[in-house]
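A look at the structure
Here is what each chain is made of, one letter per residue.
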Amino acid sequence: MSNFVTDAINLKAYNLSEADKIIVMYSKDRGLIRGVAKGAKKPKSKLGARMDLLVANKLMLYKGKNLDRICQAEALNTFHKTRQNMDKIFYSLYITEVVSNFGVEGDPCSSEIYDLLYKALEKISNASDLVEILISVIKFQIKMMHISGFGIELNRCLCCGENIENENMYFSHSRGGVLCEKCNDGLTKNAIMHYKLRDFLNACLNNDFNENSVYDEKANEKVCTVCFDLLKDYINLHSSKKFNSTNILQEIK
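So, here's what we can say about the structure. Values in this document were obtained by computation on a predicted structure and should not be read as measured data. (Residues numbered from 1 in each chain as written. Predicted model: local features only at pLDDT ≥ 70, side-chain atom pairs only at ≥ 80, totals over all residues. Heavy atoms only, no water.)

Attention now moves to the overall build of the protein. For the protein, the count of helices and strands is eight helices and eight strands. Its C-alpha atoms give the protein a radius of gyration of 20 Å, within 12% of the compact-globule value 18 Å for 253 residues. Put simply, the protein has 253 residues, and 50% of those count as buried. The long-range fraction of contacts in the protein, counting pairs at least 24 apart against all pairs at least 6 apart in sequence, stands at 61%. Distance between charge centres in the protein, computed from 34 positive and 31 negative side chains, equals 8 Å. (Helix = DSSP H or I, 4+ residues; strand = E, 2+ residues; numbered from the N terminus. Rg over C-alpha atoms; globule rule 2.2 N^0.38 Å. Buried < 20%, exposed > 50% of the residue type's maximum accessible area, 1.4 Å probe, protein only. Contact = heavy atoms within 4.5 Å. Lys, Arg positive; Asp, Glu negative; His and termini not counted. Charge placed at Lys NZ, Arg CZ, Asp CG, Glu CD.)

See below:
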């Protein structure tokens, strides 16, 4: 067997035996990987807490026929403030589930997705309130869909192609973007969107996690919740796998 080193964030864990775990991770240069952490459940294991969910590690793994084996792990970030707040825990688990559902093995966008997930988890961990958490999650959602090939059209009507500026519009989950009022006439299923919400989402797409636009500063919990739910529904529609975390999120709102 050959060994390799990579940075990876723990997404899911499964019990393999009384002492061993299977860890599903997203790595910086290999996309989704699965590794066996032998003895991880033992009290004196060298892997131990490094195999917990929501931990970023530098790993050494042996390449196996079916599953890789985790030999060494050095914690890069445990996002420890997340574990002190239930909102931070649930929203962090949600974004890792998005990566788990849309990520693939040998992903050509692995470095970009890894960095996006890492920054989002770090920002959530250090957030001072729920609004700051939600803005971080919204930025992650819209950027992740863009990277994954499901980018959302927010400026031009998907039917007539005309720019929509300072006027209300409608968001179509199935089409992946906005419709002007004229083209939406008679289509009752699409959600109405104020142009300032569209501008906020555009700012979230174009700004990094450490960049705050005027829309970030004005956003309140209601605005953020509307945008989060809109993107959540869009992501659910385009995911081939069901989400477990969204059911929990619905219960804690």
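Next comes the rest of the description.
Among the secondary structure elements, Gln141 is positioned in helix 3 (residues 130-147). From its side chain, Gln141 meets the backbone oxygen of Phe228 in a polar contact 3.4 Å long. Beyond its immediate sequence surroundings of up to four residues, Gln141 is in contact with Tyr94, Phe228, Leu231, Lys232 and Ile235. (Polar contact = N/O pair within 3.5 Å; in protein donor to acceptor, adjacent residues only side chain to side chain.)

The next point concerns the packing of aromatic side chains. Counted under the stated rule, the structure contains seven aromatic pairs. Ring geometry for Phe79 and Tyr118: centres 5.5 Å apart, planes at 65°, overall edge-to-face. A residue pair is termed long-range when its members are at least 10 positions apart, and Phe79 in the loop between strand 5 (68-77) and helix 1 (86-102) and Tyr118 in helix 2 (residues 110-126) qualify at 39 residues. You can call Phe79 buried: its relative accessible area is 3%. Relative to Phe228, the ring of Tyr91 has its centre 5.4 Å away and its plane inclined at 80°; by these criteria the two rings are edge-to-face. Taken together, the residues span a long stretch of sequence, with Tyr91 in helix 1 and Phe228 in helix 7 (residues 221-238) at a distance of 137 residues. (Phe/Tyr/Trp six-rings, centres within 6.5 Å; stacked < 30°, edge-to-face > 60°.)

By size, the foremost hydrophobic cluster in this structure holds 59 residues, and its most contacted members are Ile95, Val98, Ile138, Phe140 and Met144. Among the elements that make up this core, the one with the highest residue count is helix 3 (eleven residues). In contact with Val98, not counting residues within four places along its chain, are Phe140, Met144, Met145, Ile235 and Phe243. In terms of nonpolar packing, the next biggest core, distinct from the first, is built from 13 residues, Phe4, Ile23, Leu47 and Leu61 among them. (Core = buried A, V, L, I, M, F, W, Y, C linked by side-chain atoms within 4.5 Å.)

What follows is about the sheet that holds strand 2 (residues 21-27). The sheet built from five strands closes into a barrel, its strands ordered 1-2-3-5-4 with mixed pairing. Averaged over all neighbouring strand pairs, the angle between strand axes comes to 50°, with direction disregarded. In the sheet, strand 2 pairs with strand 3 (residues 31-37) via seven bridges, with the strands oriented antiparallel. Looking across to strand 3, one finds that Ser27 is bridged to Gly31. (Pairing = 2+ DSSP bridges. Axes fitted to C-alpha atoms, helices over the stretch in contact; angles between N-to-C directions.)

On to the environment of Cys71, then. Residue position: Cys71 is located in strand 5. Placed 36 residues apart in sequence, Cys71 and Gly35 show a C-alpha to C-alpha distance of 9.5 Å. In contact with Cys71, not counting residues within four places along its chain, are Leu47, Met60, Leu61 and Tyr62.

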